[in-house]
Amino acid sequence: MTECIDNPAERLHGLLVEFCRVGKELGPNISNWAAWAKAMDYEGSSLSAGSAEFFHRLAEAMELPRKVREAVGIAVPDPVHREYLLGPLASVEAALQSSSNASHPISQVWQHFCNGGDTASSAAIYSLLGSANDLRRAQVEIGLTEADGQSLTAMINDLVEAVLASELDEADKHFLLTRLNEILVAVQQARLRGRYPVEAAVDAAQGALLRRPNLLQRMRDVQFLDRIVVFFTKVNAVLTLAGQTEQLTQDTVRAIERGLGS
């Protein structure tokens, strides 16, 4: 089973629009907590302002601007467009900070990002919609499961430690660590960008190794080659569709053997 790709800008946009709608319904002098309780009552469970669940959901909402910055930083390469999207986000952060005080009426929270609760004229709301659209375009159909991501991260970190402790020379260590870091970055970004960049990073690392038969021989000489083979076999097993794992494992071993001229 795969995991949905996250779009924090879409979530934050929807939450703020609902917060403004509820506030207009309740009136500008109502406690902002009362409006947040209604806006965050996703399951119709009569969420109570000041309850443990309320604080949990409000804390999650306060984390969304940070997640938006991270996601846009990954998905939007152009720095000018990125700044255009993220510039108004500071006003949302100020509004959320103001929401930490129950005595603040909703009008006091609105003043930071949405005058009078008018979402149509809010630069912050508009920029979040743009961010959500850009992130949606960057999404892919297939992501990594949480378990797969954790498994890959653990395998990469273990091999990094093994490389550092190996008898390989510094240049060979640097080469391997650089390739492993590229895979790790792709894994860490997989929730937004999906599994295909991870597969590309793994394929690139394997290809770079196979183009360096002398490095493969040096790894064999210091009894490190088997560790590399096991790593790529396990990584490919995580990334491969069910039923294809055994064939890919055999292909990985044969490819390395060909690189050594075996």
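Keep in mind the model is a prediction, meaning the values are calculated, not measured. Position numbers for residues count from 1 along each chain, tracking the sequence in the order it is written. Only residues with pLDDT of at least 70 get local features here, since the model is predicted, and only at 80 or more are side-chain atom pairs given and counted; chain-wide, interface and lining totals rely on the full set of residues. Heavy atoms throughout the structure, all of them, feed into the side-chain values; hydrogens and water do not.

A few points about the packing of aromatic side chains
Next up, step 1: Pairing of aromatic side chains here covers Phe, Tyr and the six-membered ring of Trp, requires ring centres within 6.5 Å, and sorts the geometry by plane angle: under 30 degrees stacked, over 60 edge-to-face, intermediate tilted. Applying the stated criterion across every chain, the model contains 5 aromatic pairs.
Next up, step 2: Ring geometry for Trp33 and Phe54: centres 5.4 Å apart, planes at 50 degrees, overall tilted. Highlighted residues: Trp33 in helix α2 (residues 32-39) and Phe54 in helix α3 (residues 52-75), separated in sequence by 21 residues.
Next up, step 3: To sort residues, take the accessible area from a 1.4 Å probe on protein chains only and compare it with the maximum for the residue type: under 20% means buried, over 50% means exposed, and anything in between is partly exposed. Residue Trp33 is classed as buried on the basis of its relative accessible area, which comes to 15%.
Next up, step 4: A residue is classified by how much of its surface remains accessible, and Phe54, at 0% relative accessible area, is buried.
Next up, step 5: An angle of 70 degrees between the planes, with centres 5.6 Å apart, marks the rings of Phe54 and Phe55 as edge-to-face.
Next up, step 6: The rings of Trp33, Phe54 and Phe55 are connected pair by pair, giving a single aromatic cluster. Only DSSP runs of H or I reaching four residues or more are called helices, and only runs of E reaching two or more are called strands; each is numbered from the N terminus.

Some thoughts on the pattern of salt bridges
Next up, step 1: A pairing counts as a salt bridge when a side-chain nitrogen of Lys or Arg comes within 4 Å of a carboxyl oxygen of Asp or Glu. All told, the structure shown has 10 salt bridges when counted by the stated rule.
Next up, step 2: Linking Arg57 and Glu53 is a salt bridge whose minimum nitrogen-to-oxygen distance equals 2.8 Å. Of this pair, Arg57 and Glu53 are both found in helix α3, 4 residues apart, which corresponds to roughly one turn of the helix.
Next up, step 3: Note on Arg57: relative accessible area 8%, which makes it buried.
Next up, step 4: Classification of Glu53 as partly exposed rests on a relative accessible area of 35%.
Next up, step 5: Note that Arg179 and Glu182 form a salt bridge whose closest N and O atoms lie 4.0 Å from each other. With Arg179 and Glu182 both in helix α9 (residues 170-188) and 3 residues apart, this pair spans about one turn of that helix.
Next up, step 6: Owing to a relative accessible area of 38%, Glu182 belongs among the partly exposed residues under this scheme.

Digging into the environment of Glu63
Next up, step 1: Structurally, Glu63 can be placed in helix α3.
Next up, step 2: Counting along the chain gives 30 residues from Glu63 to Glu93, while the straight-line C-alpha distance between them is 9.2 Å.

Comments concerning helix α13 (residues 225-239)
Next up, step 1: A helix is expected to span 1.5 Å for every residue after the first. Counted at 1.5 Å a residue, the expected span for α13 with its 15 residues is 21 Å, and the 21 Å between its end C-alpha atoms agrees.
Next up, step 2: Residues of α13 that are buried: Leu225, Ile228, Val229, Phe231, Phe232, Thr233, Val235, Asn236, Val238 and Leu239.

Quick look at the side chain of Lys173
Next up, step 1: Within the secondary structure layout, Lys173 lies in helix α9.
Next up, step 2: Residue classification places Lys173 among the buried residues on the basis of a relative accessible area of 11%.
Next up, step 3: Discounting chain neighbours no more than four positions away, the residues touching Lys173 are Val163, Leu164, Ser166 and Leu168. In this description, contact between two residues means that some pair of their heavy atoms is separated by no more than 4.5 Å.

Describing the confidence of the model for the protein
Next up, step 1: Each residue gets a pLDDT score, which is the predictor's confidence in that residue and runs from 0 to 100. Chain-level statistics for the protein give a pLDDT mean of 84 and a share of 85% at 70 or above.
Next up, step 2: The weakest mean pLDDT in the protein belongs to helix α14 (residues 245-259) at 52; the strongest belongs to helix α5 (residues 89-98) at 95.
Next up, step 3: With pLDDT under 50 throughout, residues 241-249 is counted as low confidence; its partners more than four residues away or in other chains account for 6 contacts.

Digging into the state of the cysteines
Next up, step 1: The rule for a disulfide is simple: a pair of cysteine sulfur atoms within 2.5 Å. In total, this model carries 0 disulfides according to the counting rule given.
Next up, step 2: For the unlinked cysteine Cys20, the closest cysteine sulfur is that of Cys114, found at 3.5 Å.
Next up, step 3: Exposure remark for Cys20: the relative accessible area of 1% places this residue in the buried category.

As for the nonpolar core
Considering soluble globular proteins, one finds that nonpolar side chains tend to be buried as a cluster.
Next up, step 1: Phe19, Trp36, Val92 and Phe113 are the most contacted members of the largest nonpolar core, which has 38 residues in total.
Next up, step 2: Within the residue set of this core, elements represented by two or more residues are α1 (8-26), α2, α3, α4 (79-86), α5, α6 (106-113) and α7 (123-138).
Next up, step 3: Apart from residues lying up to four places away in sequence, Val92 is in contact with Leu12, Leu16, Pro65, Phe113, Ala124 and Leu128.
Next up, step 4: Residue types Ala, Val, Leu, Ile, Met, Phe, Trp, Tyr and Cys, when buried and joined through side-chain atoms within 4.5 Å, form a set referred to as a nonpolar core. Of all hydrophobic cores here, the second largest spans 34 residues; its members include Ala162, Leu184, Ala190 and Leu225.

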